[in-house]
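Summary of structural features
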Amino acid sequence: MDADEKRGAPGAVLKRERVREHILELVEARSPGDPIPSERTLCAHLGVSRPTLRTAVDELVTAGLLVREHGRGMFVAPEKITQELVSPGHALAVTQAAGTWSSRLLEFTTMPAGARVGRKLRLSPAAGIVYVARLRLVDGAPMAIEHLHIRADLVPGLTSEELESGDLYEHLREHHAVHVREAVQAIEPTVVTRAEAELLGVPELSPALLFERLTSDADGRPVEYVHSLYRGDRYRIVSRLTLGPAANLPDPPAGHHPGIPPGDFAHRDTVASSTRGDVQA
């Protein structure tokens, strides 16, 4: 095992994230049923150990993106069935999450966007992004692991304090003049890996919710791409669908939406958000 793969060593989270992103790029470039390179080939290409690669592959197999066939190799899994969790003509609303939210920084660095994240943020693969991994806590208890990819040109001078305390979107608005407006978000069930289980304080293979979100600003420009893992034993989502006209009701209290840090999205007068849930039949 590489030295930086040990628990808590600097760079371990980023290394696993790079392996995961590379394999996801291979998956997205292929069709269902197509093979991907062997573990030995991928280890040599990425310069990582077999345990590090296997952790990423296991995660994607569990998520239903890869299929392992004994003696044959790894293949792109069949496409998932997608169900739109929105009411036609109306926005989907979700309940507010209770408790006091805080963050603990795991990784914070500037790096090239790469092909996959660059496509999502409409950037050149060589363009800079700020990569952040942070543990989200509620009343001091681990609740989620977030991987943020933010356009570096929008947040010069972004500090670790902004990522660990207060509201991130408020920091973006007040210190970087970035006004987020819309988020397209997918949610699907998964389970936690060993490394994720240690951070969240749950058993390996515990159920979890995987959030993937692309956030845009008032001009429609992508600001950040985020994927987050929320504990399934402590988190639930309640959807409120509008089925017809109703009397004017007071705005709900500001709070934290599942998968979306507190901030601009809490203000219904300035934000339009759509949430897409991926459900495998």
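Residues numbered from 1 in each chain as written. Predicted model: local features only at pLDDT ≥ 70, side-chain atom pairs only at ≥ 80, totals over all residues. Heavy atoms only, no water.

A few points about helix α1 (residues 12–28)
Formally: Secondary structure follows DSSP: runs of H or I at least 4 residues long count as helices, runs of E at least 2 residues long count as strands, and numbering of each begins at the N terminus. Expected span of a helix, by definition, is 1.5 Å for each gap between consecutive residues, and there is one gap fewer than residues. Only protein chains enter the area calculation, which uses a 1.4 Å probe; residues under 20% of their type maximum are buried, those over 50% are exposed, and those in between are partly exposed.
For α1, spanning 17 residues, the distance from its first C-alpha to its last is 24 Å, which sits close to the expected 24 Å at 1.5 Å a residue. The element α1 is largely enclosed, with a buried count of 12 among its 17 residues. Where α1 is concerned, the buried positions are Ala12, Val13, Leu14, Lys15, Glu17, Val19, Arg20, Glu21, Ile23, Leu24, Leu26 and Val27.

Thoughts on helix α4 (residues 114–121)
In an α-helix there are 3.6 residues to a turn, and that puts residues three or four apart on one side. Convention followed: The contact criterion used is simple: two residues touch if any of their non-hydrogen atoms lie within 4.5 Å.
For α4, the full list of buried residues reads Arg116, Val117, Gly118 and Leu121. The elements touched by buried residues of α4 are α1, β7 (128–138), β8 (141–151), β10 (207–217) and β11 (222–231). Directly after α4, the chain includes Arg122, whose backbone phi takes a positive value near 60°.

Quick notes on the packing of aromatic side chains
Going by this rule: Classification of ring pairs uses Phe, Tyr and Trp, with its six-membered ring standing for Trp, and accepts pairs whose centres are within 6.5 Å; under 30 degrees between planes counts as stacked, over 60 as edge-to-face, and the remaining range as tilted.
Inspection of the entire model under this criterion finds 4 aromatic pairs. Ring centres of Trp101 and Tyr235 lie 6.3 Å apart, and the angle between their planes is 85°; on these two criteria the pair is classed as edge-to-face. Of this pair, Trp101 sits in strand β6 (residues 101–112) while Tyr235 sits in the loop between β11 and β12 (239–240); the two residues are 134 residues apart in sequence, bridging distant segments of the chain. Plain terms: the ring middles of Tyr230 and Tyr235 are 4.6 Å apart, the flat faces sit at 50° to each other, and that makes the pair tilted. In this structure Tyr235 comes out as buried when scored by relative accessible area, which is 10%. Three or more aromatic residues joined by ring pairs form one cluster here, namely Trp101, Phe211, Tyr230 and Tyr235.

Topic: the sheet that holds strand β3 (residues 73–76)
To be explicit about the condition: Strands qualify as paired when DSSP identifies two bridges or more between them. In this analysis, axes come from line fits to C-alpha atoms, helices being fitted only over the stretch in contact, and the angle between any two N-to-C directions falls in the range 0 to 180 degrees.
Taken in spatial order, the 3 strands make up an open sheet running β1-β3-β2, and their pairing is antiparallel. With one partner strand each, in any of the chains shown, β1 (35–36) and β2 (66–69) form the two edges of the open sheet. Contacting β2 and β3, helix α3 (residues 50–62) crosses the sheet at an angle of about 110° to β2.

Side note on the pattern of salt bridges
To keep things clear, this is the line we draw: Within this document, salt bridges are pairs made up of a side-chain nitrogen of Lys or Arg and a carboxyl oxygen of Asp or Glu, the two lying within 4 Å of each other.
By the definition in use, this model includes 20 salt bridges. Taking the shortest distance from any N to any O, the salt bridge between Arg54 and Glu39 comes out at 2.7 Å. Of this pair, Arg54 sits in helix α3 while Glu39 sits in helix α2 (residues 39–46); the two residues are 15 residues apart in sequence, bridging distant segments of the chain. Owing to a relative accessible area of 37%, Arg54 belongs among the partly exposed residues under this scheme. Among the ionic pairs, Asp153 bridges to Arg151, the shortest N-O distance being 2.8 Å. Connected via shared salt-bridge partners are Arg20, Glu21, Glu28, Glu59, Arg116, Arg119, Lys120 and Glu212.

Details of the pairing of β8
In terms of residue burial, β8 counts as a mostly covered element, since 9 of its 11 residues are buried. The pairing of β7 with β8 spans 10 bridges and is antiparallel. Each residue of the ladder has a partner; that of Ile129, found in β8, is Arg151. Counting the residues that bridge the hairpin from β7 to β8 gives 2 residues, and of these Asp139 lies at a positive phi of roughly 50°. Here β8 pairs with β11 via 7 bridges, running antiparallel.

Section: the packing of α2 against α3
For clarity, the threshold we go by: Relative orientations are named as follows: roughly parallel for angles under 35 degrees, roughly antiparallel for angles over 145 degrees, roughly perpendicular for angles from 65 to 115 degrees, and oblique for any other angle. Whether a crossing is left-handed or right-handed is set by the direction in which the near helix is turned from the far one by less than a right angle, anticlockwise for left-handed and clockwise for right-handed. Throughout, the ten residues Ala, Val, Leu, Ile, Met, Phe, Trp, Tyr, Cys and Pro are labelled nonpolar, Asp, Glu, Lys and Arg are labelled charged, and all others, Gly among them, are labelled polar.
α3 packs onto α2 with a crossing angle of 115° between their chain directions and a minimal axis gap of 10 Å. Here α3 runs roughly perpendicular to α2, going by the angle between their axes. Considering the relative orientation of α2 and α3, their crossing is right-handed. Between α2 and α3, the residues in contact are Glu39, Arg40, Leu42, Cys43 and Leu46 and Arg50, Leu53 and Arg54, respectively. Partitioning the contact of α2 with α3 into residue classes produces 4 nonpolar, no polar and 4 charged.

Structural notes on the nonpolar core
Test applied: As used here, the term nonpolar core means buried Ala, Val, Leu, Ile, Met, Phe, Trp, Tyr and Cys residues forming a set that is joined through side-chain atoms within 4.5 Å.
Membership of the largest hydrophobic core comes to 16 residues, with the highest contact counts inside it found for Val19, Ile23, Ile36, Leu53, Val57 and Leu66. The set of elements that each furnish at least two residues to this core consists of α1, α2, α3 and β3. Broken down by element, the residue count for this core peaks at 5 residues, all from α1. Other than its neighbours up to four places away in sequence, Val57 contacts Ile23, Leu66, Arg68 and Met74. Formed by 15 residues, the second largest nonpolar core is a distinct cluster that contains Leu154, Val155, Val180 and Val226.

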